[in-house]
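Below, each chain spelled out in residue letters.
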Amino acid sequence: MRSLIFFLVAALGEISGCYAFWVWLRLGKSILWLIPGLMALIIFASALTRVDASYAGRTYAAYGGIYILSSIFWLWLAEGVKPDRWDLLGATICLVGAVVILFAPHRTTF
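None of these values were measured; they are calculated from a predicted model.

Asker: What exactly am I supposed to notice about the overall build of the protein here?
Answerer: Tallying secondary structure elements over the protein gives four helices and zero strands in all. Summarising its shape, the C-alpha atoms of the protein cover approximately 50 × 35 × 25 Å along the three principal directions. Seen as two clouds, the 8 positive and the 5 negative side-chain charges of the protein have centres 5 Å apart.

Asker: How should I be thinking about helix α1 (residues 2-26) in this particular structure?
Answerer: In an α-helix, one full turn covers 3.6 residues, which means residues spaced three or four apart are oriented alike. For α1, with 25 residues, the first-to-last C-alpha span of 35 Å sits near the 36 Å given by 1.5 Å per residue. Looking at the buried side of α1, the elements it contacts are α2 (34-49), α3 (56-77) and α4 (85-103). Gly28 sits one or two positions beyond α1 and adopts a positive phi of about 70°.

Asker: Would you mind going over the nonpolar core with me for this structure?
Answerer: Note that soluble globular proteins tend to have their nonpolar side chains buried in a common cluster. Formed by Phe6, Phe7, Ala10, Ala11, Phe44, Ala47, Leu48, Val51, Ala62, Tyr63 and Ile66, the largest nonpolar core amounts to eleven residues. Beyond its immediate stretch of four places on either side in the chain, Tyr63 contacts Phe7, Ala10, Ala11, Glu14, Phe44 and Leu48.

Asker: How should I be thinking about a nonpolar patch on the surface in this particular structure?
Answerer: Together, Met1, Leu4, Ile5, Leu8, Val9 and Ile43 line one region of the surface with nonpolar side chains, adding up to about 570 Å² of accessible area. With four residues, α1 is the largest single contributor of residues to the nonpolar patch. Within the secondary structure layout, Val9 lies in helix α1.

Asker: In this structure, what is going on with the environment of Val99? I would like to understand it.
Answerer: Within the secondary structure, Val99 is located in helix α4. Of the residues examined, Val99 reaches a relative accessible area of 46% and is grouped as partly exposed. Taking C-alpha positions, Val99 is 21 Å from Ala45, a pair spaced 54 residues apart along the chain.

Asker: Please clarify how the packing of α1 against α3 should be interpreted in this entry.
Answerer: Any two packed helices are characterised by how steeply their axes cross, that is the angle between the axes, and by the distance between the axes. Interhelical geometry of α1 versus α3 gives an angle of 60° and a closest axis separation of 9 Å. Classified by the interaxial angle, the pair formed by α1 and α3 is oblique. The element α1 and its partner α3 pack so that their crossing is right-handed. Contacts between α1 and α3 involve Leu4, Phe7, Leu8, Ala10, Ala11, Leu12, Glu14, Ile15, Ser16 and Tyr19 on the former and, on the latter, Thr59, Ala62, Tyr63, Ile66, Tyr67, Ser70, Ser71 and Trp74.

Asker: Explain the side chain of Glu14 to me, please; I cannot follow it from the model alone.
Answerer: Checked against the element boundaries, Glu14 lands in helix α1. For the buried Glu14, no salt bridge exists, and the shortest N-O distance to an oppositely charged side chain is 16 Å, to Arg26. Within the structure, the side chain of Glu14 is placed 2.5 Å from the side chain of Tyr63, a separation counted as a polar contact.

Asker: Got a minute to help me understand the packing of aromatic side chains in this structure?
Answerer: Remark: the centre distance and the inter-plane angle together describe each pair of aromatic rings, the angle taken between the planes. Summed over all chains, the structure comprises five aromatic pairs. Ring plane angle 40° and centroid distance 5.8 Å describe the contact between Phe44 and Tyr63, whose orientation is recorded as tilted. Of the two residues, Phe44 is situated in helix α2 and Tyr63 in helix α3; the sequence distance between them amounts to 19 residues. Overall, Phe44 belongs to the buried group, its relative accessible area being 18%. Look at Tyr63 and you get buried, because its relative accessible area is 5%. Taken together, the aromatic side chains of Phe7, Phe44, Tyr63 and Tyr67 make up a single cluster linked through ring pairs.

Criteria and thresholds
- Residues numbered from 1 in each chain as written.
- Predicted model: local features only at pLDDT ≥ 70, side-chain atom pairs only at ≥ 80, totals over all residues.
- Heavy atoms only, no water.
- Helix = DSSP H or I, 4+ residues; strand = E, 2+ residues; numbered from the N terminus.
- Lys, Arg positive; Asp, Glu negative; His and termini not counted.
- Charge placed at Lys NZ, Arg CZ, Asp CG, Glu CD.
- Expected span 1.5 Å × (residues − 1).
- Contact = heavy atoms within 4.5 Å.
- Core = buried A, V, L, I, M, F, W, Y, C linked by side-chain atoms within 4.5 Å.
- Buried < 20%, exposed > 50% of the residue type's maximum accessible area, 1.4 Å probe, protein only.
- Patch = residues over 30% accessible without salt bridge, like charges linked within 9 Å, V, L, I, M, F, W, Y side chains within 5 Å.
- Areas by Shrake-Rupley, 256 points an atom, 1.4 Å probe, with all protein chains shown as cover.
- Salt bridge = Lys/Arg side-chain N within 4 Å of Asp/Glu carboxyl O.
- Axes fitted to C-alpha atoms, helices over the stretch in contact; angles between N-to-C directions.
- Parallel < 35°, antiparallel > 145°, perpendicular 65-115°, else oblique.
- Left-handed = near helix turned anticlockwise from the far one by under 90°.
- Polar contact = N/O pair within 3.5 Å; in protein donor to acceptor, adjacent residues only side chain to side chain.
- Phe/Tyr/Trp six-rings, centres within 6.5 Å; stacked < 30°, edge-to-face > 60°.

Structure representation (structure tokens):
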């Protein structure tokens, strides 16, 4: 449960931080958008290191599923675009992959 909270905080930090760059570069807004954007990206990186996992690569891979689902919610809540069934199917497939990566009985040696 604790890891899920850190994954969600990381996703919010990454999405909002990257969105700040999107707003600056794609929507032509002020470069000052980068200040909260960079702060959000620091929160993202910090939160992801708090996930209880032995290996960074496995943590990042599992986080991908959470990030994708969070991005679909961002699309809906922040950008006002309702996800379609393909968005939801894709997010579900990714979440299943994240669960497999996190909870499978991995070997510790090669």
